[in-house]
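# Inside the fold
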Amino acid sequence: MSKSGISGKKAVFLLSAIALIVLTYFLIYQKNMEKVRITETNITKLEMRISELANMEIQVRELEKTSDAKKAETEKYISLFTPVTTSEKTIYQIYQMMTATGTRVSSVDFGNYYVFLQDGTIFREGEAPKEETTDTSGTDTPDGQNSAEAAEEAPGDTIESNMDMIARLKELEQFTKKPLNQVNGKVLVCSLGISGTYRQCMKALDWISGNKEKMSVGAVSLSYDNSTGKLSGKIDVEFYEMRGTGNPYLPPNVQGFQYGIDNVFRTK
């Protein structure tokens, strides 16, 4: 065999080896390197996730230490809400405010209810969705409510109707304890015509804000009367109720009160 033939074969082998290396790089090495890069990226993400979960586990352990205290704090706060607002309870609380502060209440105007809590969602006045009612068993009132709804909602009913309402709510298990995301709350806005000295009126506002049952001060409109040296005007008191907390309705303690008025025969 001539030297030229041998040189030609070497050149073919060399070119074949180079082509094999190039094909191996593009078809195998480069493809596998892309998989390696993706795998490394996924490993980095998983390591970050593991670190995040480890930090969350530490936080969970810390929260578990305070969960009982937070639960007790929540239960204590919820206990401040009466399950239902009645006229007898509202008027008695206004009377207590008068005797505690020395103010004089000349008028009591019961306003409307508005929803502030529904199925765990908090609303401002007028924001809550209206509840659809399909019960048509009662007689319609002028505002479109049936009589059963009106008896439940109206705070200005007699004491007898208040007791009937409470009995009905018990039958409907409205006083049964429910999860927090099923608790519903309403506010009754009551406008008081009030008069008293500056100190007495400020004391009345503090009494409302610090009452053991949940209530708050709404709009206040007071003016100074030169003839008496006292303040007079209107104070809106917001009485809160929350159903589904398991709290019982506690009627006011009216023992010791005298009913009726004296007459010339000193009888009642």
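For every chain, the first residue of the written sequence is number 1, and numbering continues from 1 along that sequence. Residues qualify for local features only when their pLDDT is at least 70, as the model is predicted, and side-chain atom pairs are given and counted only at 80 or more; totals for whole chains, interfaces and linings, by contrast, use all residues. Hydrogens are left out, water is left out, and the side-chain values use all remaining heavy atoms of the structure.

### Overview of the nonpolar core
The following threshold applies: In this description, a nonpolar core means a group of buried Ala, Val, Leu, Ile, Met, Phe, Trp, Tyr and Cys residues linked to one another through side-chain atoms lying within 4.5 Å. In this scheme, a residue with accessible area under 20% of its type's maximum is buried, one over 50% is exposed, and one in between is partly exposed, where area comes from a 1.4 Å probe on protein chains only. Counting from the N terminus, the helices are DSSP H or I runs at least four residues long and the strands are E runs at least two residues long. By definition, residues are in contact when any of their heavy atoms lie within 4.5 Å.
By size, the foremost hydrophobic cluster in this structure holds 15 residues, and its most contacted members are Ile94, Met97, Leu192, Ile208, Ile235, Val237 and Phe239. With four residues, strand β3 (residues 184–196) is the largest single contributor of residues to this core. Discounting chain neighbours no more than four positions away, the residues touching Phe239 are Thr85, Thr90, Gln93, Ile94, Lys186, Val187, Leu188, Cys190, Lys214 and Met215. Residues Tyr114, Val183, Val189 and Tyr240 belong to the second largest nonpolar core, which totals ten residues.

### Some details on the pattern of salt bridges
The condition is simple: By convention in these notes, a salt bridge is any Lys or Arg side-chain nitrogen within 4 Å of a carboxyl oxygen on Asp or Glu.
Counted according to the given criterion, the structure contains five salt bridges. The salt bridge partner of Asp109 is Lys234, with a shortest N-O separation of 3.5 Å. Linking Asp109 in strand β1 (residues 104–118) with Lys234 in strand β5 (residues 230–243), this pair joins segments that are 125 residues apart in sequence. What makes Asp109 partly exposed here is its relative accessible area of 41%.

### A few points about the sheet that holds β5
Inclusion rule: In short, DSSP must find at least two bridges between two strands for them to pair. Every angle, taken between N-to-C directions, lies between 0 and 180 degrees, and every axis is a line fitted to C-alpha atoms, over only the stretch in contact when it is a helix.
With antiparallel pairing, five strands are arranged side by side in an open sheet as β2-β1-β3-β5-β4. The strands lining the two open edges of the sheet, one partner per strand, are β2 (121–122) and β4 (215–225). Strand direction decides the pairing type here: β4 and β5, joined by nine bridges, are antiparallel. Counted as the bridge partner of Met215 is Phe239 from β5. The strands that helix α5 (residues 198–209) touches are β3, β4 and β5; relative to β4, the one it contacts most, it runs at about 170 degrees.

### Let's talk about the packing of aromatic side chains
The criterion, for reference: Any two rings among Phe, Tyr and Trp, with Trp reduced to its six-membered ring, count as a pair given centres within 6.5 Å; such a pair is stacked if its planes are under 30 degrees apart, edge-to-face if over 60, and tilted if neither.
Under the counting rule described, the total for this entry stands at five aromatic pairs. Summarising the aromatic geometry, the rings of Tyr77 and Phe81 are spaced 5.5 Å apart at their centres and angled 70 degrees between planes, so their arrangement reads as edge-to-face. Residue Phe81 is classed as buried on the basis of its relative accessible area, which comes to 4%. Put simply, the rings of Tyr77, Phe81, Phe116 and Tyr240 pair up and form one aromatic cluster.

### Remarks on empty space enclosed by the protein
Under the convention used in this document: Only protein atoms enter the 1 Å grid used here. Points where a 1.4 Å probe fits but cannot escape make up a cavity, open sets with protein on both sides within 12 Å along at least five of seven lines make up a pocket, and a residue lines them when an atom lies within 4 Å of a point. Grid points are joined across faces, edges and corners, and a volume is the space filled by probe spheres set on the points. Ten residue types, Ala, Val, Leu, Ile, Met, Phe, Trp, Tyr, Cys and Pro, are classed as nonpolar, four, Asp, Glu, Lys and Arg, as charged, and the remainder, Gly among them, as polar.
One pass over the structure, following the stated rule, counts two cavities of 30 Å³ or more. In this structure, the largest cavity spans a volume of roughly 80 Å³. Lining the largest cavity, in full, are Thr82, Val84, Thr85, Thr86, Lys89, Thr90, Gln93, Glu213, Lys214, Met215, Phe239 and Tyr240. Contributions of two or more residues to the lining of the largest cavity are made by α2 (87–101) and β5. A breakdown of the residues in the lining of the largest cavity according to their chemical character gives four nonpolar, five polar and three charged. In this model, the second largest cavity occupies a volume close to 40 Å³. Contributing to the lining of the second largest cavity are Gln93, Ile94, Met97, Leu192, Trp207, Ile208, Met215, Val237 and Phe239. Only α2, α5 and β5 provide two or more residues apiece to the lining of the second largest cavity. Sorting elements by how many residues they give to the lining of the second largest cavity places α2 first, with three residues.

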